[in-house]
Amino acid sequence: MLDTIAKLKILSDAAKYDVSCSSSGSTRANRKGGLGNASEAGICHSWTDDGRCISLLKILMSNSCIYDCAYCVNRSSNDLPRATFTPDEIIDITINFYKRNYIEGLFLSSAVVKSPNHTMDRFLEIVRRLRDEENFNGYIHLKAIPGADREILDKVAVHVDRLSINIELPTDEGLKLLAPQKKKKDILLPMTQINQGITRYQEERKLFRSVPKYVPAGQTTQLIVGATSDSDYRILNLSENLYQGYGLKRVYYSAFVPVSTNPLLPQISAPPLLRENRLYQADWLLRFYGFQAAELLSEDKPDFDLLLDPKCDWALRNMHLFPLEINRADYQLLLKVPGIGVKSARRIISSRRFAKVGFDDLKKMGVALKRAKHFITIDGRHFGISSMDEVKIRSAIIGGSPMGLEQLSIFDLSGGGDCGIKTGLSV
Amino acid sequence: MESKLAYLYDGSFEGLLTAIYHVYYDKVDPVAILPIWEEGSNFLYTYKRVETDVNKWERVYNAVEEKISHYSLKRIYNVYLSEMEDSGIIILRYLREGFRIGSGTDDYQTNPAVRDLEEIYHKVRLEVHRFLGLARFKRLQNGIFYSQVEPDHNVVALLAPHFVDRIPAERWIIHDIKRGVAVFYDTREWTIRSIEKPRDVVLYEDEEDYQDMWREYYRSANIESRRNKRQQRAYMPVRYWKNLVEKGD
Ligand code: SF4
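A brief report on the enclosed structure follows. (Residues numbered from 1 in each chain as written. Chains lettered and ligands numbered in written order. Predicted model: local features only at pLDDT ≥ 70, side-chain atom pairs only at ≥ 80, totals over all residues. Heavy atoms only, no water.)

**Digging into the interface of chain A and chain B**
Many descriptions give the size of an interface as the accessible area lost when the pieces come together. Residue-level contacts link 55 residues of chain A with 45 residues of chain B. Scanning the region where chain A abuts chain B turns up six salt bridges. For the salt bridge of Lys247 of chain B with Asp49 of chain A, the shortest nitrogen-to-oxygen distance reads 3.5 Å. Our count for the contact surface shared by chain A and chain B stands at 27 residue pairs in polar contact (both at pLDDT 80 or more). Of all elements in the fold, only helix H1 (4-13), strand S1 (46-47), strand S3 (56-60), helix H2 (87-99), helix H8 (273-288) and helix H16 (405-411) of chain A reach the threshold of two or more residues within the side of chain A that touches chain B. Classifying every residue of the side of chain A that touches chain B gives 25 nonpolar, 17 polar and 13 charged. (Contact = heavy atoms within 4.5 Å. Salt bridge = Lys/Arg side-chain N within 4 Å of Asp/Glu carboxyl O. Polar contact = N/O pair within 3.5 Å; in protein donor to acceptor, adjacent residues only side chain to side chain. Helix = DSSP H or I, 4+ residues; strand = E, 2+ residues; numbered from the N terminus. Nonpolar A, V, L, I, M, F, W, Y, C, P; charged D, E, K, R; others polar.)

As structure tokens, then:
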């Protein structure tokens, strides 16, 4: 028998590549005499040497898997030490870490032990006991196992703050190649069920206050970037569908870290972090800037320019829309200007009501004029490269600012970009 | 050369408000408002002591609430707790503007007096937020959860409400060993008292097991190929490390 600490080593090591460590988005007031509160802002308790925030105890319940996905360390054919926590152990560590203020809560996932239903049943025991017996009100994020019965999923859902189901590979072909035992529909089915559950419980809660909350912090998923040849375009299209069709709160992107030497996998020496970062920026554009995946990329232009942020990249291919007059353009259009973010666009609109906006005002409002100046006129005057030549503007933006590749790798690659850590998004 | 006037108060928030009352009453323009232990630290200054007086500080307290805002009171309290040398005079300058402008004072971000206050206020709030995550508790033999901290600013009182919410059913202490003050919570209410550094703390029998587990967890959560110490230090400054189980000795 392994002792708890040996298990912890194995089962936290295996869980760490999952990026969605954010614990925000849920407030759970403490019940009387209970333990803990899920705080809205999200609290980091420590930072590892890679600069990532530790907020949740992120572990696998088990790494003994009946499946054999090529990209995964836990695949059944891999020769590695195996371990499985008992519910008692997980409950004990969670409660004691929480009381010592090491963590905000638990992020639990697992390999598939025996069967999806068996694994989910174990999950249910853990979350039910944490909430009902231990009175634990901290944050719980659970990674549901595709292929389990809906009844179990629904029971689990009313005890946790957030549920996620990892899609991992963006396409069916990818799955076929690397995870032949998984089917896209098995993954998408529980996502649909969770989405329906959220709506159904919300309706019922309007009638009966006693109806419990069903995953109050919503559902999320994670996609692996760089394990297959899928383009940015396909990935972004999928994200768009997930936001619109499945009501997801977040899609996380995780640069593929080579953890196995399977011949089916690409031979890479370092995880594609810059690409991951570009996808986070583009994801942001989908959610807050009114962009659509098909505007940003296409079959002919399937990948982002690694040297430019996606908005600049897009703008340079759409020069016919620019320059925009800053004192006239509406909010939606302002958002499309490189260097103007949500905040500064709002500020421009509201101060325009009092007086014309000038060059210095834009600076004070936080507009990145180095980029923006090429795409706007200020009261008729244009401060950028006058020919509006896209090649020249591109090199001015890349070369003219200290935003070379080297700099980016230090400042912009916060490694995941969640956990409340800013993604280094250049607006 | 004209000598510069510095007011001295007893170090309490009430004392500071009393000093501000005197500034108004004396119709003078001091260069500093300092706690009493700073007396004599600058030989260009002429020092003037004020006695804390409830009738005086209450006038100021109420005036801030009525003429500016309750939020403004909270801000000056936080800035007072910063214990930064110029915090007293910055509060005075801010209040002068505040009494002139009224309830909209804090929106007036281009005003230098408002901005100076804002800057310190942010420093204090940042540290409070950091310690909500970085305060570490260990369980003592008598069952109490004990946390030892060394913050830059005097923030333990600002931490208390969060932990009352978080661990309501346990007795706990958050002890600022730099200042010798601590928050005590007895499962019903919290109080703040000054205490010495405990001589010998005896830990609960399984305490070290959980510390070992946490260190193990901390080590294995790191992804070596993404190593980024610079970012780690930006978020978790090295000066806080010595009281962290996973970083200290
Ligand atoms: S089912 Fe999950 S844990 Fe099991 S091999 Fe596949 S990815 Fe890994």
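**Examining the site of the ligand**
What surrounds the ligand is the set Cys65, Tyr67, Cys69, Tyr71, Cys72, Asn74, Arg75, Ala111 and Lys182 of chain A. Across the shell around the ligand, the residue classes tally to six nonpolar, one polar and two charged. (Near = heavy atom within 4 Å.)

**Let's talk about the pattern of salt bridges**
Considering all chains together, one arrives at 39 salt bridges over all chains under this definition. Close ionic contact of Asp49 of chain A with Lys229 of chain B constitutes a salt bridge, the shortest N to O distance being 3.8 Å. A residue pair is termed interchain when its members come from two chains, as with Asp49 of chain A in the loop between S1 and strand S2 (53-54) and Lys229 of chain B in helix H8 (residues 229-235). Accessibility expressed as a relative area gives 16% for Asp49 of chain A, which makes it buried. For Lys229 of chain B, a relative accessible area of 27% puts it in the partly exposed group. Two residues, Glu118 of chain B and Arg75 of chain B, come together in a salt bridge whose shortest N-O distance is 2.3 Å. Taken as a pair, Glu118 of chain B in helix H5 (residues 112-134) and Arg75 of chain B in helix H3 (residues 70-81) lie far apart in primary sequence, 43 residues in all. (Buried < 20%, exposed > 50% of the residue type's maximum accessible area, 1.4 Å probe, protein only.)

**With respect to the packing of aromatic side chains**
Within the structure shown, the criterion is met by 26 aromatic pairs over all chains. Each ring, one from Phe291 of chain A and one from Trp314 of chain A, has its centre 4.9 Å from the other, and the planes form 85 degrees; the classification is edge-to-face. Taken together, the positions of Phe291 of chain A in the loop between H8 and helix H9 (293-296) and Trp314 of chain A in helix H10 (residues 310-316) put the pair 23 residues apart, joining distant regions of the chain. Taken individually, Phe291 of chain A and Trp314 of chain A each receive the classification buried, so the pair is uniform in this respect. Aromatic pair Trp314 of chain A and Phe322 of chain A: ring centres 6.2 Å apart, planes at 90 degrees, arrangement edge-to-face. Accessibility classification places Trp314 of chain A together with Phe322 of chain A in one group, the buried group. The residue whose ring lies beneath Arg239 of chain B is Tyr240 of chain B, and the NZ or CZ to ring-centre distance is 4.8 Å. (Phe/Tyr/Trp six-rings, centres within 6.5 Å; stacked < 30°, edge-to-face > 60°. Lys NZ or Arg CZ within 6 Å of the ring centre and 35° of its normal.)

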